[in-house]
Amino acid sequence: MNDAHSLRPSDIDLHQAVREAVAAALVAWSGRSADELGLGAHPELLAPGRPPRPEMGDLGISCFGLAKPLRRAPAEIAGELVGPVETEFARRAAAGTLPGLERAAAIGPYLNLSFRAGELAEWVTSRVACGSPPYGAPLPPTGRRILVEYSAPNTNKPLHLGHVRNNILGSSLCAILAAAGEEVIPVNLVNDRGVHIAKSMVAYRIWGQGATPESAGRKGDHFVGDFYVRFGRELKAQADALARERGLDPESLDEETRRAIEERTALMAETRRCLLSWEEGDAETIALWRRMNDWVYAGFDETYARLGCAFRKWYFESETYRLGKALVEEGLAGGLFRRDPDGSIWAPFEEGDRDGLKDKLLLRSDGTSVYITQDLGTTALKFDDFAMDRAIFVVASEQAHHFRLLFRLLERLGFPWARRCHHLAYGLVELPHGMGKLKSREGRAVDADDLLDELAALARRKAVDGGFATSAGVDLDALADAIGQGALKMYLLQVGAEKNIVFDPDATIEFEGDTGPAVQYSHARICSILRKALAEGRVALDELQTFPPPEPFAGLGTGSPVSASAGGPPPARAAAASASGGTDGAAGPAEAIRSAAGLRPGRAEARLLSDPHEKALCLELARFPGVTAAAAAQLNPAPLATYLLDLTKGYARFYHHCPVLRAESEERLRARLHLCLAVAATLRRGLGLLGIEAPDAM
RNA sequence: GCGCCUGUAGCUCAGUGGAUAGAGCGGCGGAUUUCUAAUCCGCGGGUCGCUGGUUCGAUUCCAGCCAGGCGCGCCA
């Protein structure tokens, strides 16, 4: 607890430490308080940036913002600040809280700082491994609790590409927030009732002939999805026939007419009967519904485990769809809503509402609820369950309007937490060439499992063709899946959530350049170097500093309600991370690489790191705490994804210019090993926050 | 008609109220037969959609316009 309070970001974050030091120097020099200078209100005023050319300095501070409070020209301020900054940095370097300065210089209105390379390397690498906390490990608890709802599948069909983006975004966000010290509660809200489920059930009754996923040898969610697709096909046939009976051309019906005709088919009549008997609690119908949903959950379980998604709690629409009615009645009684002559209840919005909202139906004339009614109730239920400080809904941007309405209505109903709700919208995943968006109803969706399989197969082929992963004991299947997912996740997370993505299933995903596998590859090569160093006795195992390994955020939960209630064995692929590369036993060097990420802190060898590539790499490492903090603050994994690609490029340059095992001296070898380990640890932890595995060998 | 999102290199995308706007892919030319070449180095490539405003300074903020996407009272 005390540690949590005494820890400041500047203890591990170089940029923060620099900002604080410059602020102190500025206060001392100007004789004004930080508040007078506007630093309290705008701490980013002194945020260090990167000068355009490396020879100008490692970090630069723009003095434009100081011109006004100091009533001096920016270039003058920069010039006069050089001395005080040097003094302050010298003091802090002596205390070990900052690396020493090699040079401080004003270039125009910029105050540019260069560190002594060795001290920078020592400062950064020791904090990566042994900072409190080390890079990527969870920061001390903020005391805040954040609920993140994501995935939200339907139980009539398997997950598709749209869910993949949602799941990857949602699970990564959970990991990033947890690393920032937030208590994260990942939840799933399953749409397990309604017409679409009834359609699958009707189709199964007619054509299923008592088959099961086991008897059919089909994954449960696909098994059920097949019946949903079959229903759609048969429905179209029946509707076409009906249309022809009436002398209409089935191919040229407008949507409204088609729907009207579909409603008159025998299949839809059966579907309505099914829905009704479900609502009445008919035992046979409920039993079938349970059975089919359990099949689906078993299938989801596998896919979630494979993707690394887990939930602390599952909400089911079958249990929550009646909620919200009472809130609407309450609002009506309180005069917030109005009842129309037909009995329907509405939330009125003024003409010219600030969000452009129009009157919204809350209860139909027959008293049944609509989508938003149940969401009102479900959201209230979530706050009752967890009393969280924030609720984040990871849902496609198509529903932005729905969530604006939802939050406004909750606010109107007087819930103080309504303002703490946030819709994290993400763009569509579109197919190229006007193939349209990925809706399963159109039967053209890219299936999630197929996609993962295809990527794994592609990665496997590349590994085999390229002569990779040849060492004995490598689980090629697990490795290929880790790489395929690495490619997919980095591809999706690199792009801002708000943007639509064009996804070409044929082109799939690249493995070279700015890609996940490139990052994984760098990590694997570092592991390889360390393995060799250990094997050759260049460095001893007891020189490794161990601390709890940086596991990806596990979500504190279970894969699915099925395994939750059954308390079953962990999903088959849950151990993929540890199966994906190590060639040694648990106590061997590979295990040390996994669990240990750095040499002991403060080793003098780090001071030998003076090559420009080494320095550049250290500067890149130093950005990590700030980047993860920004990702958490913005609820956006993208900055972290691009950072890891940058770090990878920095490492690759170092790798090609600075031999490690063939360094000119043993001291230098150790120093470079130290740096490599710091990079590997940072890559590993960063990848973990994106839900990407870091195999030890590729 | 209204609301929200997007518009940056041939393509896919980063980025920022400030220094000469970056990366990957694609193209071209290179790298002591490697600590794993899924790598590295070099070259070429830009009216940051258009117009105006705020500012010492705008690709970034504001307004209008253009183009594309998504949505807008009984689907979820």
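Rules of the game
- Residues numbered from 1 in each chain as written.
- Chains lettered and ligands numbered in written order.
- Predicted model: local features only at pLDDT ≥ 70, side-chain atom pairs only at ≥ 80, totals over all residues.
- Heavy atoms only, no water.
- Helix = DSSP H or I, 4+ residues; strand = E, 2+ residues; numbered from the N terminus.
- Buried < 20%, exposed > 50% of the residue type's maximum accessible area, 1.4 Å probe, protein only.
- Contact = heavy atoms within 4.5 Å.
- Areas by Shrake-Rupley, 256 points an atom, 1.4 Å probe, with all protein chains shown as cover.
- Pairing = 2+ DSSP bridges.
- Axes fitted to C-alpha atoms, helices over the stretch in contact; angles between N-to-C directions.
- Salt bridge = Lys/Arg side-chain N within 4 Å of Asp/Glu carboxyl O.
- UniProt positions renumbered as here; feature names shortened; annotations may be inferred.
- Polar contact = N/O pair within 3.5 Å; in protein donor to acceptor, adjacent residues only side chain to side chain.
- Right-handed = clockwise from strand over helix to strand, strands pointing away.
- Near = heavy atom within 4 Å.
- Nonpolar A, V, L, I, M, F, W, Y, C, P; charged D, E, K, R; others polar.
- Core = buried A, V, L, I, M, F, W, Y, C linked by side-chain atoms within 4.5 Å.
- Phe/Tyr/Trp six-rings, centres within 6.5 Å; stacked < 30°, edge-to-face > 60°.
- Domains from an automatic or database assignment.
- Buried area = accessible area lost by both parts, 1.4 Å probe.

### Focus: the overall build of chain A
Turning to step 1, where the next piece is worked out: What chain A contains, in helices and strands, is 26 helices and 15 strands.
Turning to step 2, where the next piece is worked out: Buried positions account for 53% of the 698 residues belonging to chain A.
Turning to step 3, where the next piece is worked out: Long-range pairs, those at least 24 residues apart, make up 76% of the contacts in chain A between residues at least 6 apart in sequence.
Turning to step 4, where the next piece is worked out: For chain A, the exposed area adds up to about 30,300 Å²; of that, 51% sits on carbon and sulfur atoms.

### Details of the sheet that holds strand S9 (residues 360-363)
Whether parallel or antiparallel, the strands of a sheet pair through hydrogen bonds between backbone atoms.
Turning to step 1, where the next piece is worked out: The antiparallel open sheet is built from 3 strands, whose spatial order is S7-S8-S9. Pairing within the sheet leaves two strands with one partner each, and these edge strands are strand S7 (338-339) and S9.
Turning to step 2, where the next piece is worked out: Pairing analysis gives 3 bridges linking strand S8 (residues 345-347) to S9, with the strands arranged antiparallel. When the sheet's bridge partners are listed, Ala347 is paired in S9 with Lys360.
Turning to step 3, where the next piece is worked out: Across the sheet, helix H14 (residues 325-333) touches S7, S8 and S9, and the angle it forms with S9 is around 115°.

### Overview of the sheet that holds strand S4 (residues 145-149)
Turning to step 1, where the next piece is worked out: Strand order in the open sheet formed by 5 strands is S6-S5-S4-S10-S11, and the pairing between neighbours is parallel. Both outer strands of the open sheet, strand S6 (313-316) and strand S11 (421-426), are each paired with one neighbouring strand and no more. Across the sheet, the mean angle from the axis of one strand to that of its neighbour is 25°, orientation sign disregarded.
Turning to step 2, where the next piece is worked out: Relative to strand S5 (residues 183-190), S4 runs parallel, the two sharing 5 bridges. When the sheet's bridge partners are listed, Glu149 is paired in S5 with Val187.
Turning to step 3, where the next piece is worked out: This element, helix H15 (residues 371-386), spans S4, S5, S6, strand S10 (390-396) and S11 of the sheet and lies at about 155° to S6.

### Describing the pattern of salt bridges
Turning to step 1, where the next piece is worked out: Under the criterion given, the structure shown has 44 salt bridges.
Turning to step 2, where the next piece is worked out: Across the pair Arg312 and Glu183 runs a salt bridge, and its minimum N-O distance is 3.6 Å. Note that Arg312 is positioned in the loop between helix H12 (283-307) and S6 and Glu183 in strand S5, a separation of 129 residues in sequence.
Turning to step 3, where the next piece is worked out: When its relative accessible area of 36% is taken as the criterion, Arg312 is described as partly exposed.

### Remarks on the UniProt feature "domain: Arginyl tRNA synthetase N-terminal" (unreviewed entry) in chain A
Turning to step 1, where the next piece is worked out: The residues that UniProt annotates with the feature "domain: Arginyl tRNA synthetase N-terminal" (unreviewed entry) are residues 12-115.
Turning to step 2, where the next piece is worked out: Segment residues 12-115 splits into 44% helix and 16% strand. End C-alpha atoms: 16 Å apart.

### Let's talk about unusual backbone geometry
Turning to step 1, where the next piece is worked out: Backbone geometry at Ala387 places phi at a positive 45°, although glycine is not the residue there.
Turning to step 2, where the next piece is worked out: Inspection of the secondary structure puts Ala387 in the loop between H15 and S10.
Turning to step 3, where the next piece is worked out: We classify Ala387 as exposed; its relative accessible area is 57%.
Turning to step 4, where the next piece is worked out: Positive phi is not limited to glycine here, since Leu635 has a value of about 55°.

### Overview of the side chain of Ser344
Turning to step 1, where the next piece is worked out: In this fold, Ser344 is placed in the loop between S7 and S8.
Turning to step 2, where the next piece is worked out: Its relative accessible area of 3% is what places Ser344 among the buried residues.
Turning to step 3, where the next piece is worked out: Within the structure, the side chain of Ser344 is placed 2.8 Å from the side chain of Trp346, a separation counted as a polar contact.
Turning to step 4, where the next piece is worked out: Residues within four places of Ser344 in sequence aside, it is in contact with Arg338, Arg339, Leu361, Leu363, Arg364 and Ser365.

### As for the pairing of S4
Turning to step 1, where the next piece is worked out: In terms of burial, S4 is a largely internal element, 4 of the 5 residues being buried.
Turning to step 2, where the next piece is worked out: Traced from S4 through helix H6 (residues 161-179) to S5, the parallel crossover comes out right-handed.
Turning to step 3, where the next piece is worked out: Of the pairings in the sheet, the one linking S4 to S10 comprises 4 bridges and is parallel in character. The residue bridging Leu147 from the neighbouring strand is Ala391, located in S10.

### Regarding the protein's contact with RNA strand B
Turning to step 1, where the next piece is worked out: Close contacts around RNA strand B come from 58 residues, with Arg53, Phe468, Tyr521, Lys649 and Arg662 the closest.
Turning to step 2, where the next piece is worked out: Protein-proximal atoms of RNA strand B, defined as those within 4 Å of the protein, fall in sugar or phosphate at a share of 62%.
Turning to step 3, where the next piece is worked out: The separation between a sugar or linking oxygen of RNA strand B and a polar side-chain atom of Tyr110 is 2.6 Å.
Turning to step 4, where the next piece is worked out: Here a base nitrogen of RNA strand B sits 3.0 Å away from a polar atom, N or O, in the main chain of Met698.
Turning to step 5, where the next piece is worked out: Contributions of two or more residues to the surface near RNA strand B are made by strand S3 (110-115), helix H16 (400-412), helix H18 (476-494), helix H19 (516-535) and helix H25 (638-657).
Turning to step 6, where the next piece is worked out: The element contributing the most residues to the surface near RNA strand B is H19, with 7 residues.
Turning to step 7, where the next piece is worked out: Here the residues of the surface near RNA strand B are counted per class, giving 27 nonpolar, 12 polar and 19 charged.

### Some points on the nonpolar core
Among soluble globular proteins, nonpolar side chains are generally buried collectively.
Turning to step 1, where the next piece is worked out: If you look at the biggest cluster of nonpolar residues, it comprises 161 residues, and the most contacted ones within it are Val18, Phe89, Leu113, Val148, Leu488 and Leu640.
Turning to step 2, where the next piece is worked out: With 13 residues, helix H26 (residues 666-689) is the largest single contributor of residues to this core.
Turning to step 3, where the next piece is worked out: For Val148, the contacting residues outside a window of four places in its chain are Gly170, Leu173, Cys174, Leu177, Val184, Ile185, Pro186, Val187, Ile392 and Val394.
Turning to step 4, where the next piece is worked out: Membership of the second largest hydrophobic core comes to 35 residues, among which are Ile185, Phe337, Leu406 and Phe407.

### Thoughts on the packing of aromatic side chains
Turning to step 1, where the next piece is worked out: As enumerated under the stated definition, the model contains 26 aromatic pairs in all.
Turning to step 2, where the next piece is worked out: Ring centres 5.6 Å apart and planes at 70° place the aromatic pair Tyr204 and Trp295 in the edge-to-face group. Note that Tyr204 is positioned in helix H7 (residues 195-207) and Trp295 in helix H12, a separation of 91 residues in sequence. You'll find Tyr204 and Trp295 in the same group, each marked buried.
Turning to step 3, where the next piece is worked out: Seen from their ring centres, Phe300 and Tyr304 are 6.1 Å apart, and the 65° between their planes marks the pair as edge-to-face. Taken together, the residues span about one helical turn, with Phe300 and Tyr304 both in helix H12 at a distance of 4 residues.

### Let's talk about the domain arrangement of chain A
Turning to step 1, where the next piece is worked out: Domain boundaries assigned for chain A yield domain 1 (4-115) and domain 2 (448-689).
Turning to step 2, where the next piece is worked out: Tallying the contact residues gives 9 residues for domain 1 and 7 residues for domain 2.
Turning to step 3, where the next piece is worked out: Surface buried jointly by domain 1 and domain 2 totals about 630 Å² across both partners, of which 57% is contributed by carbon and sulfur atoms.
Turning to step 4, where the next piece is worked out: On the domain 1 side of the interface with domain 2, the three residues burying the most area are Asp13, Arg50 and Asp58, jointly 54% of the side's total.
Turning to step 5, where the next piece is worked out: Along the contact surface separating domain 1 from domain 2 lie 2 salt bridges.
Turning to step 6, where the next piece is worked out: With a closest N to O distance of 3.2 Å, Arg50 and Glu620 form a salt bridge.

### Describing the UniProt feature "short sequence motif: 'HIGH' region" (unreviewed entry) in chain A
Turning to step 1, where the next piece is worked out: Look at the UniProt record and you will see "short sequence motif: 'HIGH' region" (unreviewed entry) annotated at residues 153-163.
Turning to step 2, where the next piece is worked out: The straight-line gap between the two end C-alpha atoms of residues 153-163 is 7 Å; of that span, 27% is helix and 0% is strand.

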